[in-house]
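# Report on the structure
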Amino acid sequence: MLRYVVSLWFLTLAWAQECQVGNIQVVQNFDRHRYAGRWYAVGKKDPEGLFLLDNIEANFIVADDGSMTATARGKVILLNNWEMCAQMLATFEETGEPAKFRMRYWGVAAYLQTGNDDHWVIDTDYDNYAIHYSCRVLNADGTCQDSYSFIFSRHITGLRLEDQAIVTQKKNDLCLLGKYRRVAHTGFCDSSS
Ligand code: DAO
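Note that this is a predicted model, so its numbers are computed, not measured. (Residues numbered from 1 in each chain as written. Predicted model: local features only at pLDDT ≥ 70, side-chain atom pairs only at ≥ 80, totals over all residues. Heavy atoms only, no water.)

## Notes on the confidence of the model for the protein
The test is simple: The predictor rates its confidence in each residue with pLDDT, a number between 0 and 100. The criterion used for residue contact is that any of the two residues' heavy atoms lie within 4.5 Å.
For the protein, the average pLDDT comes to 92, and 90% of its residues sit at 70 or higher. Every residue in residues 1-15 is under pLDDT 50, and counting partners more than four places away or in other chains gives two contacts.

If you want it as structure tokens, here you go:
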């Protein structure tokens, strides 16, 4: 029994070490110019009190001075049952690490969510997939209590077969394997204003 408790304690400790937000690796030599353009969220790990449900896409723009902004849209449900397409805007503040930004976001309508979150680019090949991560609340042991993460694809149909293993490995590295749901694209935001 004691051996079981001790092994469990070591396993928990190892998990907590691996899952420290401070140990999360982001993409090396991040190139925002190649990251720019339209991405479709095809998977999402929701935060507490989720906001964007499906039909989520983001368009990153890099200005001549190098600053990055984004427009985004996605279906949300407000007041329990009012489905609408949220049009969002975001600005990205440098942190000194090229793939780590602070993202300030707000809706074009005042009743939409506003926030200021981390926006980390965990991995991308720029042409097909990108993995985003944000931890909103840290636990005392340095693991994340409340995170969200988008799996982005350049293709509205989803990830290519050859990218799926890479993305699965990264989900595992983020300690979020099994916590993502598929994000549907049904044209909701094309047909609603
Ligand atoms: O959907 O539950 C949620 C949290 C996401 C909020 C952030 C949306 C703002 C705009 C995204 C821009 C690019 C990722």
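Read on, since the account is not over.
## A few points about the pattern of salt bridges
This is how the line gets drawn: By definition here, a salt bridge exists when the distance from a side-chain nitrogen of Lys or Arg to a carboxyl oxygen of Asp or Glu is within 4 Å. Strands are runs of DSSP state E lasting at least two residues, helices are runs of H or I lasting at least four, and both sets are numbered from the N terminus onward. Whether a residue is buried, partly exposed or exposed follows from its accessible area with a 1.4 Å probe, protein chains only, as a fraction of its type maximum: under 20%, in between, or over 50%, in that order.
Scanning the entire structure with this criterion turns up 13 salt bridges. Between Arg32 and Glu94 there is a salt bridge whose closest N-O contact spans 2.9 Å. One end of the pair, Arg32, is in helix H2 (residues 32-35); the other, Glu94, is in strand S4 (residues 82-94), and 62 residues separate them in sequence. Look at Arg32 and you get buried, because its relative accessible area is 15%. Its salt-bridge partner being Arg160, residue Glu162 comes within 3.3 Å of it at the nearest N-O pair. Linked through salt bridges whose partners overlap, the residues forming this network are Arg38, Glu57, Arg73 and Asp190.

## Some words on the environment of Asp163
Along the chain, Asp163 falls in helix H3 (residues 161-173). As for Asp163 and Leu176, which are separated by 13 residues in sequence, their C-alpha atoms are 17 Å apart. Not counting the four nearest positions on each side in its chain, Asp163 is found in contact with Asp125, Asn128 and Tyr129.

## Topic: the site of the ligand
Rules: We call a residue near a given molecule or strand whenever any one of its heavy atoms falls within 4 Å of it. Within 3.5 Å is the distance limit for a polar contact, defined as a pair of N or O atoms, with the added protein rule that one can donate a hydrogen and the other accept it, and that residues adjacent in sequence qualify only through two side-chain atoms. By the convention adopted, Pro, Cys, Tyr, Trp, Phe, Met, Ile, Leu, Val and Ala count as nonpolar, Lys, Arg, Asp and Glu as charged, and the other residues, Gly among them, as polar.
Lining the immediate surroundings of the ligand are 13 residues, of which Lys44, Pro47, Leu50, Phe51 and Leu52 lie closest. In the environment of the ligand, an oxygen atom lies 2.8 Å from a nitrogen or oxygen atom belonging to the backbone of Leu52. Only strand S2 (54-62) and strand S5 (100-107) provide two or more residues apiece to the shell around the ligand. Residue composition of the shell around the ligand, by class: 10 nonpolar, one polar and two charged.

## Quick notes on the environment of Glu48
Its location among the elements puts Glu48 in the loop between strand S1 (37-45) and S2. The spatial distance from the C-alpha of Glu48 to the C-alpha of Gln145 is 9.3 Å, given a sequence separation of 97 residues.

## Topic: the state of the cysteines
Worth spelling out the cut-off: Two cysteine sulfurs form a disulfide in these notes if their separation is within 2.5 Å.
Evaluation of the coordinates by the stated rule reveals three disulfides. Note on cysteine connectivity: Cys19 is disulfide-linked to Cys175, with sulfurs 1.9 Å apart. Across the S-S bond linking Cys19 and Cys175, the dihedral sits near -90°, which makes this disulfide left-handed. With Cys19 in the loop between helix H1 (2-18) and H2 and Cys175 in the loop between H3 and strand S9 (181-182), this pair connects stretches of sequence that are 156 residues apart. In terms of burial, Cys19 and Cys175 fall into one category: buried. Shown here is the disulfide that connects Cys135 with Cys144, its sulfur atoms set 2.1 Å apart.

## Here's the deal with the nonpolar core
To be explicit about the condition: By nonpolar core is meant a set of buried Ala, Val, Leu, Ile, Met, Phe, Trp, Tyr and Cys residues that side-chain atoms within 4.5 Å join together.
Within the largest apolar cluster, 48 residues are counted, with the highest numbers of intra-cluster contacts made by Tyr35, Leu112 and Tyr133. Contributions of two or more residues to this core are made by S1, S2, strand S3 (68-78), S4, S5, strand S6 (115-124), strand S7 (129-138) and strand S8 (144-153). Among residues more than four places away in sequence, those in contact with Tyr35 are Phe30, Phe60, Met68, His119, Val121, Tyr126, Ala130, Phe152 and Arg154.

## Describing the pairing of S4
To be explicit about the condition: By this definition, two strands are paired if DSSP reports at least two bridges between them.
Pairing geometry for S3 and S4, over 10 bridges, is antiparallel. Within the sheet, the bridge partner assigned to Arg73 lies in S4 and is Gln87. Connecting S3 to the antiparallel partner S4 that follows it, the hairpin turn spans three residues, and Leu79 within it adopts a positive phi of roughly 50°. Direction of pairing for S4 relative to S5: antiparallel, over a ladder of seven bridges. Bridge pairing in S5 places Glu94 opposite Phe101. Here S4 folds back onto S5, and the loop between the two strands holds five residues, one of which, Gly96, carries a positive phi near 100°.

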